[in-house]
Amino acid sequence: MSIIEERRTEIRAADNIYQIVVSTRTDVDRAEPTPRVMITLEAGGPGGEPVAEGSLDLDVAVADTVAELVADGLLSATGAGRGPRRRSADRPAQQGRPWSEESDAELESRWIAGESVAQLAAYFERTPGGIRARLPRVGCDPENPGCYLPVPPSRRTDLDGGEPG
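Along each chain, the written sequence defines residue order, and numbers are assigned to residues from 1. Only residues with pLDDT of at least 70 are given local features in this predicted model, and only at 80 or more are side-chain atom pairs given and counted; all residues enter the totals for whole chains, interfaces and linings. With hydrogens and water set aside, each side-chain value is computed from the structure's full complement of heavy atoms.

A. The arrangement of the nonpolar core in detail. Joining through side-chain atoms within 4.5 Å is the link that ties buried Ala, Val, Leu, Ile, Met, Phe, Trp, Tyr and Cys residues into a set, and such a set is a nonpolar core. Relative accessibility decides the category of a residue: with a 1.4 Å probe and only protein chains considered, values under 20% of the type maximum give buried, values over 50% give exposed, and everything between is partly exposed. Listed in full, the 11 residues of the largest apolar core are Trp99, Leu107, Trp111, Val117, Leu120, Ala121, Phe124, Ile131, Leu135, Val138 and Cys140. When contributions to this core are tallied by element, the ones reaching two or more residues are helix 2 (101-112) and helix 3 (117-124). Only DSSP runs of H or I with at least four residues qualify as helices, and only runs of E with at least two residues qualify as strands; both kinds are numbered from the N terminus onward. Examining the composition of this core, we find that four residues originate from one element, helix 3, more than from any other. Every residue pair with non-hydrogen atoms within 4.5 Å of one another is taken to be in contact. Ignoring any residue separated from it by four or fewer positions in sequence, one finds Val138 in contact with Asp104, Leu107 and Glu108.

B. Expanded view of the pattern of salt bridges. Throughout this description, the term salt bridge denotes a Lys or Arg side-chain nitrogen within 4 Å of a carboxyl oxygen of Asp or Glu. All chains considered together, the criterion is met by five salt bridges. One salt bridge connects Glu6 with Arg8, and the closest N-O pair in it is separated by 3.2 Å. You can call Arg8 exposed: its relative accessible area is 53%. With a closest N to O distance of 2.7 Å, Arg110 and Glu115 form a salt bridge. Connected through salt bridges with shared partners, the residues Glu106, Arg110 and Glu115 form a single ionic network.

This is the structure in structure tokens:
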């Protein structure tokens, strides 16, 4: 293990002194080195007695998410919550919300009618990636506007009404 950076912060709140240490490191002894963040919190009372202690060891990739989770939890526990989160201005209103059967049917008919991914994204208030991901679920070919997905041979029936081959 090699420590890349260490940051120490100390504050006084009421009669207690809180110290937080944030260290970033990479485990170089692993086959694939993974950047890590170690967070240690200690607090001492007026006589130096411990009043709080704890630590977290996280993958760098999730540190911002965990920081937000801890901050939200602490603010909520103290009644000083942040209030509702706002959507970013460029995020479509329906992004991440479930599709209804009616929306699926309309997506299919609009795609077969020749509308583009961009037009559909604007109409359904979703991202172009969300539209492309949904098209195969309604049987449409996202690579060919106006087309259904081909039926694989294992799902085709004979012309005389036989079972799939």
